[in-house]
Amino acid sequence: MKKIAVFASGSGSNFQAIIEAVQKGELDADISLLVCDKSGAYAIERAKNEQIPYFVFNAKEYDNKEAYEKEILKNLQKHEVDFIVLAGYMRLIGTTLLNEFEGKIINIHPSLLPAFPGKDAIGQALHARVKVSGVTVHFVDVGMDTGPIIAQKAIEIGEQETKESLQTKIHQIEHQLYPKVIQTIIRGI
Ligand code: GAR
């Protein structure tokens, strides 16, 4: 069975959806590690609840990205991780991890890329007054949300849409889509 690591920075609702897909037998993977860069993130509580090992780090305690990614890499190797799933991890992945996991890192982003990359994609879409936004799953490369697109789902933005209502719609789509895409991709590696 393929061993995956999930990287998260926040609430970890996508992490939870991945856990539940494994529990229901819809995703054939072993979630071997959570990697988190925020000590107060709720994602860590989810890992504790499910007895999933976790590695938490504070980027400010390292000289640079290479230094903390080397530490992440040690943990990934210790848990024999085959594949990395970014789920709300709000940092760019550097060459230390990209070189070791070439073609084996995917990300989910709350917009129809290449529109609205980077932070606050939902706020960016509302500000731009687009009528349609959505969710993208893509392979990770050195850029900001630029790697090859694997899957996308569109969502209509209503007249009365708020950040909260769009966030809810996006999460619903993400929680369905991401486990399915992970299953398809890891079957092929
Ligand atoms: C998700 O909506 C994900 O698409 C987004 O962060 C949220 C994390 O939610 N990711 C990005 O914006 C990456 N650029 P979660 O912590 O509840 O899974």
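Note: the structure precedes this text.
Procedures and definitions
- Residues numbered from 1 in each chain as written.
- Predicted model: local features only at pLDDT ≥ 70, side-chain atom pairs only at ≥ 80, totals over all residues.
- Heavy atoms only, no water.
- Helix = DSSP H or I, 4+ residues; strand = E, 2+ residues; numbered from the N terminus.
- Buried < 20%, exposed > 50% of the residue type's maximum accessible area, 1.4 Å probe, protein only.
- Contact = heavy atoms within 4.5 Å.
- Near = heavy atom within 4 Å.
- Polar contact = N/O pair within 3.5 Å; in protein donor to acceptor, adjacent residues only side chain to side chain.
- Areas by Shrake-Rupley, 256 points an atom, 1.4 Å probe, with all protein chains shown as cover.
- Nonpolar A, V, L, I, M, F, W, Y, C, P; charged D, E, K, R; others polar.
- Pairing = 2+ DSSP bridges.
- Right-handed = clockwise from strand over helix to strand, strands pointing away.

Novice: Please explain the environment of K2 as it appears in this structure.
Specialist: Locating K2 in the fold gives a position in strand β1 (residues 2-8). Judged by its relative accessible area of 28%, K2 falls in the partly exposed class. Spatially, the C-alpha atoms of K2 and R187 are 8.5 Å apart, while their sequence positions differ by 185 residues. Once residues lying within four places of it in the same chain are set aside, the contact partners of K2 are A29, D30, D82, I186 and I189.

Novice: Could you clarify how one ought to interpret the site of the ligand in this entry?
Specialist: In the region of the ligand, the neighbouring residues are S11, G12, S13, N14, G88, M90, I108, H109, P110, D145, H171 and E174. E174 places a side-chain nitrogen or oxygen 2.4 Å from an oxygen atom of the ligand. Burial of the ligand by the protein amounts to 89% of the accessible area it has alone, namely 450 Å². Elements with a contribution of two residues or more to the shell around the ligand: α1 (13-23), β5 (105-109) and α6 (163-187). Class assignment of the residues belonging to the shell around the ligand gives a composition of three nonpolar, seven polar and two charged.

Novice: I keep staring at the pairing of β5 and nothing clicks. Help me out?
Specialist: Residues in a regular strand project their side chains so that they alternate between the two faces of the sheet. With five of five residues buried, β5 is to be regarded as a mostly interior element. Residues I105, N107 and H109 of β5 are buried on one face, and the alternating residues I106 and I108, pointing to the opposite face, are buried as well. Bridge count between strand β4 (residues 83-86) and β5: three bridges; the pairing is parallel. Across the sheet, V85 pairs through a bridge with I106, a residue of β5. Traced from β4 through helix α4 (residues 95-100) to β5, the parallel crossover comes out right-handed. Bridge analysis of β5 against strand β6 (residues 132-139) gives four bridges, and the strand direction is antiparallel. Of the residues in β6, the one forming a bridge with I108 is V137.

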